[in-house]
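# Descriptive analysis of the structure
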Amino acid sequence: MTAYPQLEIDLNIIRNNAARIKKLCGERGIDVWAVVKGVNALPEITDALVGVGFTGLATSRLSQIEKSIKYGIHSRWLLLRIPQMCECADVVRLADVSLESSIDVIRELEKECVKQNRTHKVIMMADTGDLREGYWDREELLRDCMEIKKSCPHITVAGVGTNFTDYGGTVPTAEKLTGLVKLAERMEEAVGHPMEFVSGGGTTTLPLVINGTIPTGINHLRIGEAILLNHDLPNEFHVDEMKALPSPVLLRAQVIEVFDKPSAPVGETATDAFDNHPVFEDRGIRRRAILGFGRLDAGDAKKLVPTDKGVEILAATSDHTIIDIEDCPREIKVGDVMEFRLTYENIMYATASPDVKKVYKNG
């Protein structure tokens, strides 16, 4: 009997999406490194991306790099999360390049390079307003670049990068990226060699590539979501050109209960299982179903997109997802399978969950 919940992954769609984005950016002189953290570097997906011919892959987790290497996947690797001090030995051992914003961490990386007889490249992160990682003071960044050049012979300042939309939701603009290009030029003067990477963000920078407004000099992007999911650009940023890229993932789950029930809890209420104070609209008695997965499997279930019309996702606990099916044109009964499109959070949880069966098409 087929096991559920189940994540169906079409590797051909992933390959085609990846090739189209790689070509689109390549025509603008931009090298794309495919980000695999959002799918927990599942080896089948990572291997498919290597086959497309990316210069390198990127993730925020050293464990994912190590897993990929053990699987036999050969690529250059970029570590996306600034290392903790306790990780520096593994950064040098596993990653070719890392994003950095702390001179103390870089000094520690230098020590590890000496111990391991290795070299390492760093992309210095500059905060352009999203307020996640990166130097805010440009002069401090330049001073640290000069210190690395002088005191860390095993470390190469290979580039500068920035981040958008992840924390503050700030959108990439030509003005911000022009500032990044100018900063790269100052860094080249400070260290005496060209910047290999002027890394202008990720998926949300693609609209500037598509409309031709990305500044000359941005030569690197870190892209995962547009390849592996393609939800934000067509649905949130309304980039029509991206609607042609289909989503390669589909979540299937089995119905475990169907009843007519009140639409608001009956009796005195307190916080829910996650310390929230939910508010309910009393819509009378409604047809409801429960599916056999929850937050542990797919994160915030309300971000899923049902493929059935007339289905409303009400909420999820750790293990149950509750839906309103009153207006669904087809009859839903226990044992039926329902399908959902995913957002980034959903696929991140679903690919990590050992209880979500992964099924691959076109392997």
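Conventions adopted
Residues numbered from 1 in each chain as written. Predicted model: local features only at pLDDT ≥ 70, side-chain atom pairs only at ≥ 80, totals over all residues. Heavy atoms only, no water. Buried < 20%, exposed > 50% of the residue type's maximum accessible area, 1.4 Å probe, protein only. Helix = DSSP H or I, 4+ residues; strand = E, 2+ residues; numbered from the N terminus. Pairing = 2+ DSSP bridges. Salt bridge = Lys/Arg side-chain N within 4 Å of Asp/Glu carboxyl O. Core = buried A, V, L, I, M, F, W, Y, C linked by side-chain atoms within 4.5 Å. Contact = heavy atoms within 4.5 Å.

This part takes up the pairing of strand S9 (residues 220–223). Alternating positions in S9 separate into two faces, His-220 and Arg-222 on one and Leu-221 and Ile-223 on the other, with burial throughout. Note that strand S2 (residues 31–35) and S9 share 4 bridges and pair parallel. Bridge pairing links Val-32 to Leu-221 in S9.

So, on to the pattern of salt bridges. Counted according to the given criterion, the structure contains 26 salt bridges. The partner of Arg-93 in a salt bridge is Asp-90, and the shortest N-O contact between them spans 3.0 Å. Residue Arg-93 and its partner Asp-90 are located together in helix H4 (residues 88–94), separated by 3 residues, close to a single helical turn. According to the relative accessible area criterion, Arg-93 is partly exposed, its value standing at 34%. Between Arg-107 and Asp-104 there is a salt bridge whose closest N-O contact spans 2.7 Å. Remark: Asp-104 and Arg-107 occur in helix H5 (residues 103–116); sequence separation between them is 3 residues, near one turn of the helix. A single network of salt bridges, built from pairs that share partners, joins Arg-283, Arg-286, Glu-312, Asp-324 and Asp-327.

This brings us to the nonpolar core. Counting residues in hydrophobic clusters, the biggest one holds 96 residues, and the most contacted among them are Leu-49, Met-124, Met-187 and Ile-227. The leading source of residues in this core is helix H7 (residues 174–191), at 7 residues. Residue contacts for Met-187: discarding those within four places in its chain leaves Met-124, Leu-141, Leu-142, Cys-145, Val-157, Gly-159, Val-160 and Met-195. Val-35, Leu-78, Leu-99 and Ile-123 belong to the second-largest nonpolar core, a separate cluster that totals 11 residues.

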